[in-house]
Amino acid sequence: MRITFLLLFLVFFSGTTAFAQFKENPVLNIENKDKKFLNYGYFLGFNQYDFKFDYETDLGMEDEILVDKSVGFNVGLIGEMRLNEFLDLRFEPGLHYNARNLNYTKFSPEESIPANILREVKSTYINFPLLLKVSTKRFGNWKPFLIGGPSASLNLGSNETNLDDNSSGTFRMTKWNYNYELGFGIDFYLEYFKFTPSIRGVFTMSDELIPDADPNSPWTGNIDAMRTRGLFINFTFE
């Protein structure tokens, strides 16, 4: 979490610095960059994934599943199609890796062994977002924007087809997930390329949980739905 807040601070600080540097009659860098019909680039970044649980019966803390979050990484490509001066359609296929630990609080002290109370969920997503980028006019060598749209994610570590379940220590999730993404950022026009820091929230709409065979399973029996919530901090080079 500290790393996430530090990155947020760096993004805002870079925006403030750029504003101070470019606000007075700057020489325009790569002036025709955004006039191309098609643009390409790549991104590198960080992510932090969480889970949102909906329970069939709310039993309070005794049945709550606690999520230990960690910082993962993103890498991917960008294809952008110019619609007009303020609108661009973007396709950003990328690889997103992260690990989460689920801690189950409902087990009695004699049952509270690591094999019962802890599930490590390692996820490698291949993400396919189709996004609409809505920009302001360009101010010197920088331009803020909002971005959002749907995405589909392929979870390579889902265990969806695994016949084992939590009774054997295997936590199962759906292979395909469907999300919507919302974020904002700032394009900085440098001498030879465009650099863009951005922040984006990712919200899964579909239920990701594959329930155990036992309907009264202590791991999945009281879960009505489980959905990912994520935060991406990306640095784009075009």
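Quantities reported herein were computed from a predicted structural model and do not represent experimental measurements.

(A) Region of interest: the nonpolar core. The biggest cluster of nonpolar side chains holds 17 residues, and the ones touching the most others in it are Phe51, Phe53, Leu102, Phe171, Met173 and Met226. Looking at this core, the elements that each hand over two or more residues are strand S1 (38–55), strand S2 (65–68), strand S5 (94–104), strand S6 (118–135) and strand S10 (223–237). In this view, Phe53 contacts Ile65, Val67, Leu102, Ile223, Ala225 and Met226; residues no more than four positions away in its chain are not counted.

(B) Spatial organisation of the layout of surface pockets. Here the largest pocket is characterised by a volume of approximately 290 Å³. Looking at the largest pocket, the residues that line it are Leu28, Glu31, Asp34, Lys35, Arg82, Glu85, Thr136, Lys137, Arg138, Gly140 and Lys143.

(C) Region of the structure containing empty space enclosed by the protein. This structure, assessed with the given rule, holds five cavities of 30 Å³ or more. Taken as a whole, the largest cavity encloses approximately 80 Å³ of empty space. A per-element tally of the lining of the largest cavity places strand S9 (residues 194–204) first, with three residues. Broken down by class, the residue content of the lining of the largest cavity amounts to three nonpolar, four polar and five charged.

(D) Just the packing of aromatic side chains, in detail. Summed over all chains, the structure comprises twelve aromatic pairs. A ring pair is formed by Tyr49 and Tyr125, whose centres lie 5.2 Å apart and whose planes are at 40°; its orientation type is tilted. With Tyr49 in strand S1 and Tyr125 in strand S6, this residue pair connects regions lying 76 residues apart in the sequence. Judged by centre distance (5.9 Å) and plane angle (55°), the ring pair of Phe51 and Phe53 falls under tilted. Take Phe51: its relative accessible area is 6%, and that puts it in the buried class. With a relative accessible area of 13%, Phe53 lands in the buried category.

Scoring rules and cut-offs
- Residues numbered from 1 in each chain as written.
- Predicted model: local features only at pLDDT ≥ 70, side-chain atom pairs only at ≥ 80, totals over all residues.
- Heavy atoms only, no water.
- Core = buried A, V, L, I, M, F, W, Y, C linked by side-chain atoms within 4.5 Å.
- Buried < 20%, exposed > 50% of the residue type's maximum accessible area, 1.4 Å probe, protein only.
- Helix = DSSP H or I, 4+ residues; strand = E, 2+ residues; numbered from the N terminus.
- Contact = heavy atoms within 4.5 Å.
- 1 Å grid on protein atoms, 1.4 Å probe; cavity = no way out; pocket = protein on both sides within 12 Å on 5 of 7 lines; lining within 4 Å.
- Points joined across faces, edges and corners; volume = space filled by probe spheres on them.
- Nonpolar A, V, L, I, M, F, W, Y, C, P; charged D, E, K, R; others polar.
- Phe/Tyr/Trp six-rings, centres within 6.5 Å; stacked < 30°, edge-to-face > 60°.

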